[in-house]
Amino acid sequence: MRPSRRDPDDANSRTATARMTRREILSLAALGALAAGTNSAKAAPEGSITIGSHVSLAPIWFDPAETLGIITPFMLMYAMHDAMAKAMPEGPITPCLAESWTMAPDGMSYTFVLRPGIKFHNGEPVSAEDVKFSFERYHGASHQLMKDRVATVETPDAMHVRFSLKAPWPDFLTFYAGASGAGWIVPKKYVEQVGEAGFKKSPIGAGPYKFVSFTPGLELVCEAFEGYWRKVPTIKRLVFRVVPDEATRLAALQRGEIDIAFSIRGELADELKRTPDLSIKAAIGSAPFWLYFPEQWDHNSPWHDRRVRQAVSLALDRPTMNEALTLGHSQLTGSVFPENFDFYWQPPPPQYDPARAKSLLAEAGFPNGFDAGDYNCDASYANIGEVALTNLRDVGVRVRLRPLERAAFFSAYSEKKLKNIVQGASGAFGNVATRAEAFVVKGGTYAYGSYPDIDALFAEQATEMDRTKRTALLHRLQELVHERNIYAPIWQNALLSGVGRRVGQSGFGLIKGFPYAAPYEDLTLKDRA
């Protein structure tokens, strides 16, 4: 693969290939044939694994075109779908449906070469037309940004796709293959045949598992796709069972009714650690949690005063919250940008100072505090909100907890319907620029307002090909986000999950920055590990 003309290994690899003798080439071909024969002789998938999901499953997550800049849809997409390139154990942008790509010397286009022999679950071959169709159909996070920057998508033949840009864009691959669902491929003919609603009802993809059935509020059932290009899954049946209550989820794991339980926190996590033959996995994803003040641009709102926003941040007792809920595994970075992201700037450590918080509120005209309305949050993380509410009330900021199911919460968040305080988070892949595009700058999916100087920095860095200069611009952008208290960061979340007695390879931690169990084709049961 040649991701860039600056790849120092590119010339060396081509020279080495040129020096190979005909006998060496034939030997390699024989080895490849032997490996292929070994793969085809591998035992068929068998057994089943049941995952207890901490959130209700939404059909919009079955469709890559709907991906809205959060990590949750990828929990299902890694099972049923595949992408041109995606985060894998080998790295953050690993060739998948595309076996390689090349950037033009002037940076104005990218040409992808499809991996030969790839098929969708219905037997149709994955073609360049499907890639073009999937990009043009995509309307999730960052879709407008990508379509504004991509001039044309051409398909010279069935195996090649060329994206021509309007100007050199250093983050094309990061947006296309990481921060969005635009590079996840669906079958054009099938979608056109069944329609948008029909596709969500019965999705077909090119991933390691085929859709079998979905019972809303209960479970999603998938079955191994033995034609998957990377490897034949070991496990025949993959079941995502909806168990939104943590105590119920833990009890189901202890009884062996489920094999993996996503998101077990607090005292329940301690109980899990004490349970024989069960284990706990702490996966640090790319998901900072924060409090957002969507009305800070309204001059008549208390949130317009930076001192009020600063007081909220000082009121949060993050260390105690971390120990109580995630056993100290979450990282108190003080940032809404993941510390594992490219171009990250480390702000000063977050402070807990309730006395100073009260003083700032008094300076802002609220010596007795104020009624701050709703505290909106994803219901699966309402226990973070419960602790935060206590902290805020201690300094005089009186709020009401308003938990929503995850799909409804992020829908309302992106449609700019939430007010007062929003407890938000995002674990989507990408870098600082992709995260800023969705949550900070003008037009972002979750940005209710913006600041002109921050928007200008974002626009400038987006076309800056010099990495040193670009780093300086993105560091300054993050400094301004911090200085203006646009957000009150909580932590970079550690997802604690439970693994049952039957599980061999659970998948946790295989993909850096991904909190769930993946790649699913790598999961094993102990009797087959």
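Up top is the structure these notes are about.
Residues numbered from 1 in each chain as written. Predicted model: local features only at pLDDT ≥ 70, side-chain atom pairs only at ≥ 80, totals over all residues. Heavy atoms only, no water.

Asks: Tell me about the overall build of the protein chain, and please be specific about residues and values.
Replies: Helix and strand counts for the protein chain come out as 17 helices and 16 strands. By the compact-globule yardstick of 24 Å for 529 residues, the protein chain fits well, its C-alpha radius of gyration being 24 Å. Once the C-alpha set of the protein chain is aligned to its principal axes, its extents read approximately 80 × 60 × 45 Å. Here the protein chain, with 529 residues, has 55% of them falling under the buried criterion. Residue pairs in contact within the protein chain that sit at least 24 positions apart in sequence constitute 70% of those at least 6 positions apart. (Helix = DSSP H or I, 4+ residues; strand = E, 2+ residues; numbered from the N terminus. Rg over C-alpha atoms; globule rule 2.2 N^0.38 Å. Buried < 20%, exposed > 50% of the residue type's maximum accessible area, 1.4 Å probe, protein only. Contact = heavy atoms within 4.5 Å.)

Asks: How would you sum up the nonpolar core? Please name residues and give values.
Replies: Nonpolar side chains tend to gather and get buried jointly when the protein is soluble and globular. Core analysis: the biggest nonpolar cluster contains 78 residues, and Tyr78, Phe240 and Tyr520 have the highest contact counts within it. With seven residues, the top contributor of residues to this core is helix α3 (residues 72–80). Once residues lying within four places of it in the same chain are set aside, the contact partners of Tyr78 are Lys86, Ala87, Met88, Trp184, Pro208, Phe429, Ile511, Phe514, Ala518 and Tyr520. (Core = buried A, V, L, I, M, F, W, Y, C linked by side-chain atoms within 4.5 Å.)

Asks: Lay out the sheet that holds strand β6 (residues 150–157) with the relevant residues and their values.
Replies: Ordered in space as β4-β5-β7-β6, the four strands form an open sheet in which the pairing is antiparallel. Single-partner strands in this sheet number two, and they are β4 (98–103) and β6. Sheet twist, expressed as the average angle between the axes of neighbouring strands with direction ignored, equals 20°. Judged from the five bridges that link them, β4 and strand β5 (residues 109–114) form a sheet pairing that is antiparallel. Of the residues in β5, the one forming a bridge with Thr102 is Thr111. Contacting β5, β6 and β7 (160–165), helix α4 (residues 128–137) crosses the sheet at an angle of about 165° to β6. Contacts from helix α6 (residues 172–179) reach β4, β5, β6 and β7 within the one sheet, and its direction differs from that of β5 by about 40°. (Pairing = 2+ DSSP bridges. Axes fitted to C-alpha atoms, helices over the stretch in contact; angles between N-to-C directions.)

Asks: Lay out helix α14 (residues 406–414) in plain terms, naming residues and giving numbers.
Replies: Because the α-helix completes a turn every 3.6 residues, residues three or four places apart line up on one side. Considered for burial, the residues of α14 that qualify are Arg406, Phe409, Phe410, Ala412, Tyr413 and Ser414. Downstream of α14 by a residue or two, Lys416 has a phi angle that is positive, lying close to 60°.

Asks: Any chance you could break down the sheet that holds strand β1 (residues 48–53) for me, citing the residues and the numbers?
Replies: What the ten strands build is an open sheet, ordered β8-β9-β10-β1-β11-β16-β12-β15-β13-β14; its pairing is mixed. At either margin of the open sheet sits one strand with a lone partner, and together these are β8 (209–215) and β14 (397–404). In the sheet, β1 pairs with strand β10 (residues 237–242) via six bridges, with the strands oriented parallel. For Ile51, the partnering residue across the bridge sits in β10 and is Phe240.

Asks: With reference to specific residues and values, describe the side chain of Asn322.
Replies: By the element assignment, Asn322 lies in helix α11 (residues 318–326). Not counting residues within four places of it along the chain, the set of residues in contact with Asn322 comprises Leu327, Gly328, His329, Ser330, Leu332 and Trp491.

Asks: An account of helix α8 (residues 246–254) is requested, with residue identities and associated values reported.
Replies: Residues Glu246, Arg249, Leu250, Ala252 and Leu253 constitute the buried set of α8. Buried residues of α8, viewed axially, fall in a sector of 160°; they line one side. Taken together, the buried residues of α8 touch β1, β11 (260–261), α9 (266–274), α13 (382–394) and β16 (487–499). Residue Asp245 occupies the N-cap position of α8, its side-chain oxygen lying 3.3 Å from the main-chain nitrogen of Ala247. Residue Gly256 follows α8 closely and has a positive phi angle near 80°. (Arc of directions from axis to C-beta. Polar contact = N/O pair within 3.5 Å; in protein donor to acceptor, adjacent residues only side chain to side chain.)

Asks: Which residues make up the pattern of salt bridges, and what values do they have?
Replies: Per the stated rule, a full pass over the model turns up 30 salt bridges. The partner of Glu521 in a salt bridge is Arg230, with the nearest N and O atoms 2.8 Å apart. You can see Glu521 sitting in the segment after β16 and its partner Arg230 sitting in the loop between β9 (219–224) and β10, a full 291 residues away along the chain. Residue Glu521 is classed as buried on the basis of its relative accessible area, which comes to 2%. For Arg356, the salt bridge identified is with Glu363, shortest N-O distance 3.5 Å. With a relative accessible area of 36%, Arg356 lands in the partly exposed category. (Salt bridge = Lys/Arg side-chain N within 4 Å of Asp/Glu carboxyl O.)

Asks: A description of the packing of helix α10 (residues 306–315) against helix α12 (residues 354–363) should follow, citing residues and the corresponding values.
Replies: Contact geometry of α10 with α12 gives a least axis separation of 8 Å together with a crossing angle of 165°. Here α12 runs roughly antiparallel to α10, going by the angle between their axes. Judged by the twist between their axes, the crossing of α10 over α12 is left-handed. Each of Arg307, Val308, Gln310, Ala311, Leu314 and Ala315 in α10 lies in contact with α12, whose residues at this interface are Pro354, Arg356, Ala357, Leu360, Leu361 and Glu363. Tallied by class, the residues present in the contact of α10 with α12 amount to eight nonpolar, one polar and three charged. (Parallel < 35°, antiparallel > 145°, perpendicular 65-115°, else oblique. Left-handed = near helix turned anticlockwise from the far one by under 90°. Nonpolar A, V, L, I, M, F, W, Y, C, P; charged D, E, K, R; others polar.)

Asks: How would you sum up the packing of aromatic side chains? Please name residues and give values.
Replies: Under the defined criterion, the tally for this structure stands at 43 aromatic pairs. An angle of 55° between the planes, with centres 5.9 Å apart, marks the rings of Tyr228 and Trp229 as tilted. Taking the relative accessible area as the measure of exposure, Tyr228 reaches 4% and is therefore buried. Within the aromatic cluster, the residues linked to one another by ring pairs are Trp290, Tyr292, Trp297, Phe409, Phe410, Tyr413, Phe439, Tyr446, Tyr448, Tyr451 and Tyr487. Above the plane of the ring of Phe199 lies Arg137, whose end atom (NZ or CZ) is 5.3 Å from the centre. (Phe/Tyr/Trp six-rings, centres within 6.5 Å; stacked < 30°, edge-to-face > 60°. Lys NZ or Arg CZ within 6 Å of the ring centre and 35° of its normal.)

Asks: Pulling in residues and values, what's your account of unusual backbone geometry?
Replies: Peptide bonds are trans in most cases, and residues, glycine excluded, mostly fall at negative phi. The step from Ala518 to Pro519 runs through a cis peptide bond, and the omega angle for that step is 0°. Secondary-structure assignment places Pro519 in the segment after β16. Of note, Ser263 is a non-glycine position whose phi angle comes to about 60°, a positive value. In this fold, Ser263 is placed in the loop between β11 and α9. Non-glycine residue Asp277 carries a positive phi angle of around 70°. Tracing the backbone through its elements, the reader meets Asp277 in the loop between α9 and β12 (279–292). Judged by relative accessible area, which is 57%, Asp277 ranks as exposed.

Read these as geometric descriptors, not functional statements.
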